[in-house]
Amino acid sequence: MKRTTLAAIALAVTAGLGLTGCAGAAGPAETGNQNGKTKLTVSVWNYEGTPEFKALFDGYEAANPNVDIEPVDILADDYPQKVTTMLAGGDTTDVLTMKNVIDYARYANNGQLQEINSVVDSVGKDNLASLDAFDMNGKYFAAPYRQDFWLLYYNKDLFKAAGIDDPKDLTWEKYSEIAKKLTSTADGKKVYGTYHHIWRSVVQAIAAAQNGGDQISGEYGFFEDQYNTALDLQKSGATLDFGTAKSQKTSYRTMFETGQAAMMPMGTWYIAGILQAKKDGKTNVNWGLAPLPQKDSSGKVSTFGSPTAFAVNKNAAHSEEAKKFIEWAAGEEGAKTISKIGVVPALQNDAVTAEYFKLDGLPTDALSKKAFTPDETALEMPVSDKSAATDKILNQEHDLVMVGERSVTDGIAEMGKRVKDEVLK
Amino acid sequence: MTTQTITQAPVPERTAPHSRGNRKQARRNALIGWTFILPNFLGFLAFTLIPVLAAFALSFMEWTSFSAPKWVGLKNFERMIASDSFWVALRNTVVYALGHVPLTMALALVLAMLLNRKLKGIGFFRVAIFFPYITSLVAVAVVWNMLFSPDSGPVNQFLHGIGIAEAPGWTSSSDWALPAVIITSVWRDMGYYMVLYLAGLQAIPTELYEAAEVDGASAWQRFWNVTLPSLRPTTFFVVVMLTVSSFKVFDLIVVMTNGGPGRSTTVLSQLIYQEGIGEGKFGYSSAISLVLFLIVLTVTVLQFKIQQRRER
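Computed from a prediction, not measured in an experiment: that's the story for all the values here.

Quick notes on the rules
- Residues numbered from 1 in each chain as written.
- Chains lettered and ligands numbered in written order.
- Predicted model: local features only at pLDDT ≥ 70, side-chain atom pairs only at ≥ 80, totals over all residues.
- Helix = DSSP H or I, 4+ residues; strand = E, 2+ residues; numbered from the N terminus.
- Buried ≥ 20, exposed ≤ 12 C-beta atoms within 10 Å, placed from the backbone.
- Contact = placed C-beta atoms within 7 Å.
- Rg over C-alpha atoms; globule rule 2.2 N^0.38 Å.
- Domains from an automatic or database assignment.
- Nonpolar A, V, L, I, M, F, W, Y, C, P; charged D, E, K, R; others polar.
- Expected span 1.5 Å × (residues − 1).
- Bend = angle between axes of the 7 residues up to and from the residue.
- Core = buried A, V, L, I, M, F, W, Y, C linked by C-beta atoms within 7 Å.
- Pairing = 2+ DSSP bridges.
- Right-handed = clockwise from strand over helix to strand, strands pointing away.

To continue, consider the overall build of chain B. A tally of regular secondary structure across chain B gives 13 helices and 2 strands. Each principal axis of the C-alpha distribution contributes one length, and for chain B these read about 70 × 60 × 35 Å. Expressed as a percentage of its 312 residues, the buried residues of chain B come to 30%. Taking contacts inside chain B between residues at least 6 apart in sequence as the whole, the part at least 24 apart equals 69%.

The next subject is the overall build of chain A. Looking only at helices and strands, chain A has 18 helices and 13 strands in total. Its C-alpha atoms give chain A a radius of gyration of 24 Å, near enough to 22 Å, the size a compact globule of 425 residues would have. Once the C-alpha set of chain A is aligned to its principal axes, its extents read approximately 80 × 60 × 50 Å. Summarising the internal contacts of chain A: among those between residues at least 6 apart in sequence, 76% fall at separations of at least 24.

Okay, the domain arrangement of chain A next. Residues and elements named next belong to chain A. When its domains are assigned, chain A resolves into domain 1 (9-148 + 307-373) and domain 2 (150-303 + 379-422). The C-alpha centroid of domain 2 is placed 29 Å from the C-alpha centroid of domain 1. Domain 1 puts 19 residues into the contact, and the matching count from domain 2 is 22 residues. Going through the elements one at a time, α4 (101-109) and α16 (366-371) are the ones with two or more residues in the side of domain 1 that touches domain 2. Looking at the side of domain 1 that touches domain 2, its residues break down into 11 nonpolar, 5 polar and 3 charged.

Residue and element names in this part refer to chain B. Helix length check: helix α1 (residues 20-58) (39 residues) gives 49 Å between terminal C-alpha atoms against 57 Å at 1.5 Å per residue, more than 12% under. A bend of about 50° at L38 is the largest found in α1, and the proline P39 appears one to four places after it. Of all the 39 residues making up α1, 1 are buried; the element is thus mostly uncovered.

Further remarks concern unusual backbone geometry. All names here are of chain A. Its identity as a non-glycine residue notwithstanding, N137 has a phi of 50°, on the positive side. Tracing the chain through its elements places N137 in the loop between β5 (135-136) and β6 (139-140). Look at N137 and you get exposed, because 4 C-beta atoms sit within 10 Å. If you check the backbone angles, D169 has positive phi at about 45° while not being a glycine. With respect to the secondary-structure elements, D169 resides in the loop between α6 (156-161) and α7 (172-182). C-beta crowding within 10 Å serves as the criterion here: with 15 such atoms nearby, D169 is assigned to the partly exposed category.

Before going further, it helps to examine the interface of chain B and chain A. Between chain B and chain A, the contact holds 31 residues from the first and 31 residues from the second. Contributing elements (two or more residues each) for the side of chain B that touches chain A: α1, α3 (84-115), α5 (137-147) and α12 (268-278) of chain B. Looking at side-chain class alone, the side of chain B that touches chain A contains 11 nonpolar, 16 polar and 4 charged residues.

A general feature of soluble globular proteins is that nonpolar side chains tend to end up buried together. Residue and element names in this part refer to chain A. Residues A142, A143, Y153, F310, I326 and A330 are the most contacted members of the largest nonpolar core, which totals 118 residues. Considering each element in turn, this core owes the most residues, 9 residues, to strand β7 (residues 142-155). Looking at this core, you find at least three residues from each of domain 1 (9-148 + 307-373) and domain 2 (150-303 + 379-422). In this view, A143 contacts I116, V119, V120, V123, A309, F310, I326 and A330; residues no more than four positions away in its chain are not counted.

Let us look at the pairing of strand β3 (residues 67-74) of chain A. All names here are of chain A. Here 8 bridges tie strand β2 (residues 37-45) to β3, and the two strands are oriented parallel to one another. When the bridges of β3 are listed, T41 appears paired with E70. Handedness of the crossover joining β2 and β3 through helix α2 (residues 51-63) is recorded here as right-handed.

Okay, here's the thing in C-alpha cells:
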C-alpha cells in the first residue's frame, strides 16, 4: 500500500471518530411538536421497575390526547448525580422528578427549578402530605405526588403458628419480646422473629421521629434506646446479624417473601412490590400491616417517611404544559391512578383512601387500615445543605455500632464529634 | 497497556541525510506518523488531558457545578489537611498498596515459575490462573463477599475446621475488612502479572542455567543469581504498574465494602468520588485528586530512579 493511501485511511478514521462523537451528542436533544402533539419530557428512574411512572403517564395522555409524554430514564443509583450533570449542562427536560427532599433543596437553592405556588394552591395545601418539606420561605418549587412512610409488615401465618396475637399497639419492648418468641429453627431452616434492614434509618430515623430528635444537630443521645433495642434483638438471634446482612447483600424482600422473617419494619413502597410478587406467583406469604412499634403505649403513632415530588426545570422547553401535568399528577386524578398500583399518594382525602383499599390483594383488616393513618409522619432526614454530609457520617458510624465495633455510647459520641467537626463547623 | 515501554526495542539505525529530498521525505514521514496517532490523541486530549488540567485548576476553586467556579486559593488544601477523613483514606490507600503490591508480585512470580515448564495440560492451569483477571469485577466482589461471610462463609468454616475458634469477621470487621479486600484483589490480579513473569522467564537463555549447573549452583542459588537478575526489567514494570493501580483502586472496594465498616476501607479515589460526585464539592475533590496524582507521580519517579541506579 502506498503511503498516501495509509495517510488517507488514518485521516478518514479520525474524521469518522469526530463525526460519531458529534452525532452522539446531538441525538437525544430533539424536542418539540410531532404530529401536532406536545412532547413533554419527564426525568424518571428505573422506568421498568417503577410502575407508577407509566401509570401516571398513560393516565395523563388518556386525559390529554394532545400531549405525548416521553420519559427520560435514568439508572436509580445514579439519579441525583445524573440530574445534577444534566442541569449543569443546561438540559431542557420539562419535568424533573425529585427523588428525595435533600436533592430538592439543592436544586431549588441553586435556582434550577421554577416556582409553582399556583399549582400547589390549586391542588390544595391542606391535603398534601409532607408539603412543608418543600416550603422555601413561602415558595414551592415542587409538588409531592407520592408519600412513603414506614410501618410494620408481618407474616400472619407465622403469628398464628406461634399462637401470638396480631401486632396491635406495640411498644418496642413488646415488639422485641414477640420477635424472640417468633424465632425458631424448623427442619434446619431458621425463621427470624424480625428483620432489620441495614439502613441507618431503621434505627436512627425511627429514634428521631419518636423522640423529636434532630439528625443534623450533632447531639445524638436520642438514638440510644433504639440502638439498644436493635442490638439486643441481634444478640438474641431474633434478627439476621448486621454483618451477615451487609456482606451477603441480603434482600429484605427475600427475607419477608420466603417467610424467613415474621416481622419487618419497612416503607410503604414495598406494598406495590409485594403485591406484584404475589401476582407473579413468586410468593404466597400471608401478610398484614401494622403501625410501627412505639416508644410508649399511649396509642399515638409516630413514624417517618419521605415524599417524592415533581418539579419544573428552569430551562424547561414547555413550562406551561409541565405545570399542567404536575397539577394533574399531584391532584386527585393522579393520586387515584397511583393508588391503583399500590403506591401511596401524597394527596390524602377520603376518596383517595377508599380507592386505595379497593386494591386487589391488599389486606383489608382493621389493623392494616389503622397502619395507614399514622398520627405523625416526620421527615426521614431534615432538609438542609448539611444533610448529605451528615448522612454520610451517620451511615459510617451506624455500621460500626451495628457490627459491635463501637459501644452505643462511644458510637453516639463519635457521631456527634464528627458531625460537629466535619459538617457543622 | 504496553509492555514494550520497558523492554528495550531495538532502535533501527538511521542513515545520515545526504540530500534535500531526504529531508522532505523525513518531514513527510513525521506527518504520516502524526496522522496515525491523531485519532488516539484527539480522544486522549478530549477525555483525559483537558479534564485533568481542568481538575488541577479546579482544586484552587470552589465549584458546585451550578454556578461559575470561584477562586479560593489554597482553602481546599487547608480543609483537606484538617480533615480526619482525608488522613484515614490516605492511610487506608497506603496500607492497601503495601499489602497488594508485594503479595501480588510474589505470588505471580511463584505461579509463573510453577507453570513455566513443559507439562501435559499446562495451558489449562495457566488459563485457570488468568481467569479471575477477565472475570467481571462485580461478580468477583460479590462471590468473595460470600466466601468471607462471618458466620456461614467457607473461609471461616475452613478456619473453624482447622481449629481457629475466633475466626475474623472479615468485611464486617473494621480490622479485617482491608485484609479481605487485599486478598481478593491479589487473587484477581496475580494471573495477569503471572503472564508477564512467564514471558520474562521464557526470555532467559537456558545456557545461563546450564552454566550455573555446571558450576555446581544449587536450585536456590540459580534462582537468586540467574532468574531474579534476569527478570529485573519485568519486575520493574510489574512494580510500577501494580503501584499505580493500587493507589487508584476504586471499583473493587466500592462493590465489596463501599468503604465500610465505618471508614475502615475508604480509599482516596473513593473519597474523591464521594466529595465530588456525591456531595457536589468539585473543587475540594479535585484538590484530593491532585494530591493523589502527586503521590503516584513521586512513587513512580522514585522507582525509575532506583531502577536507573541499579542498571548503572
